[in-house]
Amino acid sequence: MPPERRAILDRWEREMIRKLGQEGFQQYKTETFKKGHTLHSSIECLLKGTPPSEIEVDAKNEGHWKSLEAVFPDVSEVQMLEATVQHPQLHYLGIFDCLAKYKDSVCIIDWKTSQKPKQTIGKTYDNPLQIAAYIGAANANKDLNIQVS
């Protein structure tokens, strides 16, 4: 992570600890992780073919789910879910959420949750870099036999 991004994250963390206390901040992080995990589980069920009417969406994720309902019809030909990818020469690795077609283009998808809407790409911080790294690793990995553009 670039030093300036680390500084932003550190400043945010200090402010959250000031507001919530150390224990409150730990609880906040635990709840945030749990919320993301349950949303990812619901998405995975849908992409594996579970009818939407049978998918239980946690009340805390209803807003995220509602916003994704417009995206889901354009996701097709799911090839991988929660897949680990490693770049064969650079040796970095990561886990992306989905490899599928989105509007007829092969894409790597990494579902993100946020408390606030991100009005600009700059407000997503390093998320685009993370996706670019996944794409680079997937395209360089001959075993996957895919090309994401």
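The paragraphs below set out a description of the structure included in this document. Residue positions within a chain follow its written sequence, with the count starting from 1. Since the coordinates come from a predicted model, pLDDT governs what is reported: local features require at least 70, and pairs of side-chain atoms require 80 or more to be given and counted, while whole-chain, interface and lining totals use all residues. Remark: hydrogens and water are excluded; side-chain values derive from all non-hydrogen atoms of the structure.

### A word on the pattern of salt bridges
If the charged atoms of two oppositely charged side chains come close together, the side chains can form a pair.
Move 1: For this document, the term salt bridge refers to a Lys or Arg side-chain nitrogen within 4 Å of an Asp or Glu carboxyl oxygen. In total, this model carries 6 salt bridges according to the counting rule given.
Move 2: When the shortest N-O distance is used, the salt bridge between K60 and E31 registers 3.1 Å. Of this pair, K60 sits in the loop between α1 (3-47) and α2 (62-68) while E31 is found in helix α1, placing the two residues 29 residues apart along the sequence. Helix and strand labels come from DSSP, where a helix needs a run of H or I of at least four residues and a strand needs a run of E of at least two; each type is numbered from the N terminus.

### Things to note about the pairing of strand β3 (residues 105-109)
Move 1: In this analysis, strands are considered paired if DSSP registers two or more bridges between them. Both strand β2 (residues 93-102) and β3 contribute to a ladder of 5 bridges, which runs antiparallel. Along β3, the bridge assignment pairs L99 with I108.
Move 2: Connecting the antiparallel pair β2 and β3 is a turn made up of 2 residues, with K103 showing a positive phi of about 50°.

### A word on the environment of I55
Move 1: Its place among the elements puts I55 in the loop between α1 and α2.
Move 2: Working definition: with a 1.4 Å probe on protein chains only, accessible area under 20% of the residue-type maximum means buried, over 50% means exposed, and in between means partly exposed. Judged by its relative accessible area of 12%, I55 falls in the buried class.
Move 3: It is 37 Å that separates the C-alpha atoms of I55 and R6, two residues lying 49 residues apart in sequence.
Move 4: Whether two residues are in contact is decided by their heavy atoms: any pair within 4.5 Å suffices. When sequence neighbours within four positions are dropped, the list of residues in contact with I55 reads S42, C45, L46, T50 and W65.

### Section: the packing of aromatic side chains
Move 1: The criterion for an aromatic pair is that two Phe, Tyr or Trp rings (for Trp, the six-membered ring) have centres within 6.5 Å, with stacked assigned to planes under 30 degrees apart, edge-to-face to planes over 60 apart and tilted to the rest. All told, the structure shown has 6 aromatic pairs when counted by the stated rule.
Move 2: Plain terms: the ring middles of W12 and Y28 are 6.2 Å apart, the flat faces sit at 55° to each other, and that makes the pair tilted.
Move 3: Overall, the relative accessible area of 36% leaves W12 in the partly exposed class.
Move 4: Here the aromatic rings of F72 and W111 are separated by 6.0 Å at their centres, their planes lie at 70°, and the arrangement is edge-to-face. Within this pair, whereas F72 is found in the loop between α2 and β1 (75-86), its partner W111 is found in the loop between β3 and α3 (127-140), the two being separated by 39 residues in sequence.
Move 5: An aromatic cluster of at least three residues, connected via ring pairs, comprises W12, F25 and Y28.

### Examining the sheet that holds β3
Move 1: Spatially, 3 strands are ordered β1-β2-β3 in an open sheet, and the strand pairing comes out antiparallel. Lying at the two open borders of the sheet, with one neighbouring strand each, are β1 and β3. Averaged over all pairs of adjacent strands, the angle between strand axes in this sheet comes to 25°, irrespective of strand direction.
Move 2: Summarising the sheet, β1 and β2 pair through 8 bridges and their orientation is antiparallel. Bridge pairing in β2 places S76 opposite K101.
Move 3: Fitting a line to C-alpha atoms yields each axis, with helices limited to the stretch in contact; the angle taken between N-to-C directions then spans 0 to 180 degrees. Sitting on the sheet, α1 touches β1 and β2, and the angle it makes with β1 is about 130°.

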